[in-house]
Each structure stands twice: as C-alpha cells, then as structure tokens.
Amino acid sequence: MNILDIEHLNCAFGNLIVTDDVSLSIAEGERHVIIGPNGAGKTSLINQIGGQLRSKSGRIVLEGRDVTGQAPSRISRLGVARTFQRNNLFHNLTVFENLRLALTAKFGNPLDFFSVAARDQVLAAHAAELMRKVHLDGQGARIARTLSYGEQRQLEIGIALAGKPKLLLLDEPTSGMSPAETARMIDLIGALPRSLSVLMIEHDMTVVFSVADRVTVLYYGKILATGTPADIQANARVREVYLGMAH
Amino acid sequence: MELLVAQLLNGLVYGVLLFLMAAGLSLIFGLMNVVSLAHGSFFMLGAFLGLAIVQVTGSFWIALVLAPLAVALLGIVMEVLFLRPLYARGHMDQVLLTFGFTFVFYDLVQTVWGRIVLRLPTPAILQGTVDIGAGVFSAYRLFLIGFGFAIAVLLWLLLERSRIGAMVRAGVDNAAMAAGLGGNIALLFTGIFGFGVALAGLGGVAAGPTLGLYPGMDTDILIPAFIVIVIGGMGSLRGAFVGSLLIGIADTFGKAYLQSIALFLIYLAMTVVLLIRPQGLFGIRYADAPPSAVARTMPPSTKATRAVGLIVLAVLIVLPFGLPDYPRALIAEIYIFAIFAMSLDLILGFSGLMSLGHAAFFGLGAYAVAVLGVQFGLDAWIGLAAGVALAAAGAALIGFFCVRTGGIPFLMLTLAFSQLVFSVALKWRDVTGGSDGMALAEQPSFFGFSLSHSLVMYFMTLMFFVAAYLGLRRLIDAPLGHVFVGIRENEPRMAAIGYPTLAYKLVAFTIAGAIAGLAGGLYVIYNGFISSDAVYWTASGDILIMTMLGGAGTLIGPPIGAAVFLLMKNVASSYSEHWLAIIGTAFICCVLFFPGGIWGSVQKLRGKAAP
Ligand SMILES: Nc1ncnc2c1ncn2[C@@H]1O[C@H](COP(=O)(O)OP(=O)(O)O)[C@@H](O)[C@H]1O
Ligand SMILES: [Mg+2]
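Residues numbered from 1 in each chain as written. Chains lettered and ligands numbered in written order. Predicted model: local features only at pLDDT ≥ 70, side-chain atom pairs only at ≥ 80, totals over all residues. Heavy atoms only, no water.

1. With respect to the sheet that holds strand β5 (residues 65-66) of chain A
Residue and element names in this part refer to chain A.
Then, number 1: Across the sheet, four strands lie side by side as β2-β1-β4-β5; this open sheet has antiparallel pairing. Each edge of the sheet is formed by a strand with only one pairing partner; in this case those strands are β2 (16-26) and β5.
Then, number 2: Pairing of strand β1 (residues 4-13) with β2, which is carried by seven bridges, proceeds in the antiparallel orientation. By the bridge assignment for β2, Leu-9 is matched with Val-22.
Then, number 3: On the sheet, helix α1 (residues 42-50) packs against β1, β2 and β4 (57-62) and is oriented at approximately 115° with respect to β1. (Pairing = 2+ DSSP bridges. Helix = DSSP H or I, 4+ residues; strand = E, 2+ residues; numbered from the N terminus. Contact = heavy atoms within 4.5 Å. Axes fitted to C-alpha atoms, helices over the stretch in contact; angles between N-to-C directions.)

2. Some thoughts on the interface of chain B and chain A
Then, number 1: Between chain B and chain A, the residue contacts involve 26 residues of the former and 34 residues of the latter.
Then, number 2: For the pairing of chain B and chain A, the buried interface totals around 2600 Å² over both sides, and the portion due to carbon and sulfur atoms is 60%.
Then, number 3: Counting the contacts that link chain B with chain A gives one salt bridge.
Then, number 4: A salt bridge links Glu-156 of chain A to Arg-493 of chain B, with the nearest nitrogen and oxygen atoms 3.1 Å apart.
Then, number 5: Counting across the chain B and chain A interface gives 18 residue pairs in polar contact (both at pLDDT 80 or more).
Then, number 6: Those elements that place two or more of their residues in the side of chain B that touches chain A are α18 (454-477), α19 (479-489) and α20 (491-496) of chain B.
Then, number 7: Residues belonging to the side of chain B that touches chain A are distributed by class as follows: 14 nonpolar, six polar and six charged. (Buried area = accessible area lost by both parts, 1.4 Å probe. Salt bridge = Lys/Arg side-chain N within 4 Å of Asp/Glu carboxyl O. Polar contact = N/O pair within 3.5 Å; in protein donor to acceptor, adjacent residues only side chain to side chain. Nonpolar A, V, L, I, M, F, W, Y, C, P; charged D, E, K, R; others polar.)

3. A short note on the coordination of the magnesium ion (ligand 2)
Then, number 1: At the metal site, the magnesium ion (ligand 2) is ligated by Thr-43 of chain A (OG1) and Gln-85 of chain A (OE1), and these contacts range over 2.0 to 2.2 Å. With Thr-43 of chain A in helix α1 and Gln-85 of chain A in the loop between β6 (80-82) and α3 (95-107), this pair connects stretches of sequence that are 42 residues apart. (Donors = N, O, S within 2.8 Å, 3.2 Å for Na, K, Ca; no water.)

4. Quick word on the sheet that holds β6 of chain A
All names here are of chain A.
Then, number 1: Taking strand neighbours across the sheet as the criterion, the six strands line up as β6-β7-β8-β3-β9-β10 in an open arrangement whose pairing is mixed. In this open sheet, the two strands that pair with only one neighbour each are β6 and β10 (222-227). The mean inter-strand angle of the sheet, taken between neighbouring strand axes irrespective of direction, is 15°.
Then, number 2: When strand β9 (residues 214-219) meets β10, the two strands line up antiparallel, connected through five bridges. Looking at the pairing, Tyr-219 lines up with Lys-222 of β10.
Then, number 3: Against the sheet, α1 touches β3 (31-35), β6, β7 (167-171), β8 (197-201) and β9, its axis set at about 145° to β8.

5. Observations concerning a positive patch on the surface
Then, number 1: Among the surface-exposed residues, Arg-119 of chain A together with Lys-303, Arg-306 and Arg-474 of chain B lie close enough to one another that they form a single positively charged patch.
Then, number 2: With respect to the element layout, Arg-474 of chain B can be found in helix α18. (Patch = residues over 30% accessible without salt bridge, like charges linked within 9 Å, V, L, I, M, F, W, Y side chains within 5 Å. Areas by Shrake-Rupley, 256 points an atom, 1.4 Å probe, with all protein chains shown as cover. Lys, Arg positive; Asp, Glu negative; His and termini not counted. Charge placed at Lys NZ, Arg CZ, Asp CG, Glu CD.)

6. Observations regarding the site of ligand 1
Residue and element names in this part refer to chain A.
Then, number 1: Close to ligand 1 lie Phe-13, Leu-16, Val-18, Pro-37, Asn-38, Gly-39, Ala-40, Gly-41, Lys-42, Thr-43 and Ser-44, which account for all nearby residues.
Then, number 2: Interatomic distance of 2.6 Å between a side-chain N/O atom of Ser-44 and an oxygen atom of ligand 1.
Then, number 3: For ligand 1, the protein covers 58% of the area, taking 570 Å² as the surface of the free molecule.
Then, number 4: Breaking the shell around ligand 1 down by element, the ones donating at least two residues are β2 and α1.
Then, number 5: Of all the elements, α1 adds the most residues to the shell around ligand 1, at three residues.
Then, number 6: A breakdown of the residues in the shell around ligand 1 according to their chemical character gives five nonpolar, five polar and one charged. (Near = heavy atom within 4 Å.)

Structure (structure tokens):
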C-alpha cells in the first residue's frame, strides 16, 4: 500500500489556481522531491496534505484512509509531520522546550496539570536523542531565536521527527543555507530510516539528485512530469520550462 | 403602522450614529491593527466640545464643523506622542494605553461639565416636525438620517475612488505593511487615526440633541460599536454600515417590543453570525499581529526561590498582627483581586488570549454566593463551590464561541459576552437586585470563627490566595501549562505537531473562569454585598490593568499589580476627587516606561545584571 495517494486535487485562491488536478502517489519509504519554479503551488500542495489549506475538490488518502479536509492536529496524529518554508518555531522557548512540546503531543500527557514537566526524564532522554539526530547536541538550553538560521532549520526537522511520523513533509529544508549547512542537511536526510517516507520540496538540484528516488515537476499548479531523477533530467518539456532556467 | 415607521426611523437614527463610531474604529483597526478603547471618549468629547462651541457662538453648525476638528487634533496628538511608540509592541499595550486615556477623559468631562445629563440644543431650522405621510417626525432626526447616509456615501467615494483610499485599502489588504513603518506610512497612520477620531467627534455632536450628554456616554456608544464591528467584520466600511443599521434597528425595535430580552437578541444575532462567519459578515480574514513578547516559561522552582517564597509567606502571616482593621481589610481585598488577576493571567499571559470580559466569571461566582444565600438561605461556602462550578460552566460556554478567534476579535467577543452577563445582572432585578445590588444577611463563619473579625477575614483570604497561587504555579510548570505557552507562542505550529489548539484554549479559558468565579464568590463573602457594577466592562478593564501593570506572563506580577492598583485607588480616591485621572495617567506612564509590567521590568533588570 502507498503511504500517500493524492487524487485529482484542486485548489485556488480566488481566481488563482494553485493546484490543478494533481494526482500523485508516494510508496512506503520513498523519497519524493517536488521541484518547480516559484509560485508553482508546491507549498500550497504541502499545506493541503498537512491540513493547513483546504482543497476545493479531490482526495488525499493516507495509508488507504481518506483524510481530505481534516484538521492539522488530526493529520499530525495520523503520522504526518512537516516543516515550514519559513522557520516556524517556538522562538522564545529553548531548543529543549521546543522538542519537548513536540514529544509531549505524542508520548506525553498534555492534559497533565500536576507533574513538573521539566522533571520528566523519559521525555528529556527522547529530546537528547533527537538533538543528536539533527546535529544540535548540547544546544538544549539555547533560546530558539538565538540559533543560527541553519540550526533553526535543523530544529524544524527535529520537531517534525519528534512524533515518529510515517510521512515527513519538508518545505525547502535547505533554502537560505550555506553550502556547509546544506551538506549537513543532506547527511541528516540521508540518515533517516527507510521506514519513513519523505515528500520534500527542493530547489537545489544537487540536493534533489542526491536524495530523490522520484521527482515530480510542478508548473502553475499542474504536474508536468513525474519520474526518476534521470527521467526528469532527460525530459524535454522539463528542460525547457524549468531546468533551462536554473542554468 | 405609524408606530412601526416611527420605530424604523428611530432605529435608523441610532444606526447612523453607530456608523459614525464604527466606521472610524473599523478603519483604524483595519489599517493600523490598533484597537482604541478611547474611541468612545472622542465621541463624548465631540459632544461636550460641541456644547461649549454652541454656548459661545450660538451656532450648532459651527459646532458640527469645529468640534470634530478639535477632537481630531487631540486624537492626532495622542497617536503621535503615545500610540506610535507602541506599534511594535502588540495589542495588549495599546489597549492598556487607550484604556488609561478613557479614565483621563472621563475625569476631564466630569470635572468640567459635571455629572448631570445635558442636552445640545437642536438647531433652529430643524426644531419642528415633518409630516412624512406615515406620521409626523422630528425634523432633526430626519436630518440625521440623511446626514449619516451622506457621510457614508462620501466615505465610500473616498475609499474607493481616491489615491488615499487606494493606499488605505492596500494597507487593509496587507497587514504586513504595517510592520515596516516607513515615513509615509507613519503619516498615513496619523491621518487615518485623526480621521477616525474626527468621525467619532462628529457623531458625538450629531448625537447631542437626541441622546443627551453625560459622562459615561463614551461606554454607552463604544460597546454597541464593538458589536457592530464584530457582526459587520473588521476593517470593512460596508460591514460597519450594514452592521450599524442592523444593530440600530434591532435595538430600537427590541427595546420597544421586547424590553429586557432585546439585548439577548442582539447577542444571539452576533453569536450566530460568528458561528457561520467568524470574520463577520463582510470582514476579511487577516493574519493576526504576533503576540507581544511576554515572558517565557518560568524556570521551575529551586531551593532558593522556595526559600524566598517561604519568607514572603511568613511576612504575610505576621503582618496583620501589627495592623489596624482597615489595612487588614484592604490587604484581604488585595488577596481576592490577586486571585482574580492570576486567573486572567492564565489566559492573557500564558495562553496569549486577551480577554476584556473576565469580570463575567467573577460575577457568576459572586452572584451564586449572593443569590443562593439570600434567596435560598444556603451556606456561603456551598454557594462558593456552586459559584466556581457556575463560572466554569459559563466560561466553557462563552469560551466555546470566543476561542475560535484570537487577538482583537477575541477581545471584542469576550467584552460583548460579559456585557450580556452584565445586562442579566442589571435587568433581572427580582433575583440579582440590579444596580441596587443585594446584601448577604449575615457574615458567614470560617471553621467556626466569625469573618466579621478582620483577622479571620485576613487569614481566610490569604489561605485561598496561597492555594490559588500554588495551584496555578503547579499547572504552569506542568505539561498542560507548557501547552498553553506553546499556543501563545505559535498556534499553527502547535496544531501541526498534533495539538487540537481550540480544545486546549477552551480548557485554559474554563480553568481561568472557574478561578475568577472563586475570586468573585470570595468577594461577596468579604464584602457582604454585590451589585451589577462588579460585572460592568470597566471591572474587566480594571483586572486587565492589574494583571498587565504587575506583569502578564508571570505569576508573581498579577498579585503585585492588584496590590499597586488597589492601594493607588484607595490612596488617590481619599486624597483627590481626580483619582480617575491620576490612575489613568499612572497606567499611561506604566505602559510607556515599564513594558512588561512591574515584575517584567524587575526580571529584565535582573537578567541584565546576572551574566
Ligand atoms: N494565502 C494566499 N492567498 C493568496 N494567494 C496565495 C496565498 N498563498 C500563496 N498564494 C499564491 O499562490 C501561488 C502558489 O504559491 P505557493 O504554493 O507558495 O508556491 P511555491 O511554494 O511553489 O513557490 C503563488 O502565486 C502565491 O502568490
Ligand atoms: Mg513555497
């Protein structure tokens, strides 16, 4: 069974069509990258899967279960985690508190009003492990606002991984990063277990080709092509409208 | 039939006056993302300045032109000197500042013109009546309707057809623009603010001959204008127009045919609109301004903080023995309001929800004790338990509607709902005693000790205060408290990591309501008396001020704020008639010079000193 099936999805802002009859399937464990020019509707697509944006028609099916139109919190609890194109953290809280909030949602008891959260050793251990995973060892006490841009993006992923999702949605995880930071991010994504499926938006072609099993090209809300990285590189239409621009 | 037409016209008159208020409020909100509680004050000042001008010049028409200009000038000075430095700080400070100004302006009007109801003379040529076929009608009122519609058309032309209008609409469409205050935008803001204030002043003069002039007319027009904006939609001129006429007509017909349930119908209409279209009939969904930077989660207690706490507690226990009755009673009152303020802080500081209707839950708790005691002879402590339950239930119900919104709409909704509770307390005289209030027959005893002894009262209130403090402290350190803080910091992110945020906000609102109910019940036990004043919106404003004065987002701040507020009120009111102005000025200074409140500033100083 596929982890995600998108069927004839449509979405628009007023007259502006941002998702135009999009159908897409992602197999379990697949790394799928969406590319496309700015304004192609990539973020909008992720927002519909995450529940942040309502589709006009079509279906979003998660492991065979129709989740179209569900609230973001519900989608999240069904095993879909995401990051945002713009860093979207708890900027005034520490790295540790950021992660603990995410962990509490899945493994803690958020309605507990009596035990002291800071003394929860189990969650603290989980958080420490997450920090290692996203290369933020020993940074737990820092306020998220004071992290460098690249570190903030790593924390974004840490928060997303906290709930042990089945499907991870990444919206331009390397945007605005230095080459060194980008390399670290590729390592980080490469080290994710294959039990986790990844759908990711990316602009940087070296990242795309080092990560992707399959690539989808989105252009003005429509799918232009889907295939292996090699297929996409060889596709004349794609070269014309997209890859041509990048070079 | 004749009566029906007359009611309709009266409704239009009221609607037109509401529109002059609501249009300015809505513009200021839509463009600047600022909510000005002083807008009603400008309406009132317009009316009184109009009266002064009529008395000097003898001409209503000169007053109709000059008074709004004078008020606009005042508004511009206020915007440039006081409001402008606060744009970067978020809503809470703006609300506190403009609330401070309502005190000052109220005191000013009361001092200059007294408390009696005055009337602006109707201009000579409009003194007669006109036969409009379906009956005779006051010429002035007909003129008002025409005048209001003409202003509406002019406003529409200005917004739709002019360059300035295009800039304004661009601002409404793009709230982010407001963040990067360029030079032109600062000028535009000042212009819009002055313009909105002028409209309010114009409304005040125009209302003078029909509504009468009195201190307090500011609130009487502000609250319905808020309801208009909630129904019509924020930042929409069309919404302000349609909403004003709807409310104006509904209110007039309601009062004529349904008497006391009229208010309920209006709130019911408001609730229905908000359920179907949370952004109001014509409002646009807009991105809310980021919450102002309140304190982060508190570090859990250490040995040192616990030792300090114990020392403070010891002082509080020893303190009353050296004091006479009066200060003991005052401190007992402070404890009660400290509980109230801490409960507000749970939603305000820790969950990022700014309520201007928290007195409703205080009132539910208070009336439960009073009504059960007086009408049913029930013991006050049973009443207190019932009051907490009633306040929690009320908060759950009201919160169900309110938590769907945030920011300013939340503020307006909580305000409107609390006015609903107020109107029940006011109108249901048989049960509540209305504005005359009701008194407990006898002071209850506390574990066998009579609360008529000030020392017993002191320790009873201290006990509840300490219990509330420790309970809230525990809650805030617990996972649930951290969830509240997470929602305050970044609600969409909380939703994306799996928290149904509406449900959690409702939980916070309900707990806060229950604790406010506890404070209200204690207040009746303490005071032996309750009247509808305790539920009036200014009571909600007072508690908001106490909380922010002390420092929202901390648990120590609200008790400090309650103490400072009540001490200041007692001292100022015993030494000067102008205590309202003194308190108002104090708040204005506090907002300007102590962002984050007293405790927030102390923490900041300590933070600077520490590393
Ligand atoms: N909330 C919104 N309201 C109106 N238009 C929007 C909104 N969000 C995005 N858009 C528009 O939709 C189009 C697609 O945006 P997006 O999905 O963010 O593209 P991408 O991520 O591919 O760059 C863009 O033209 C953008 O301007
Ligand atoms: Mg994007």
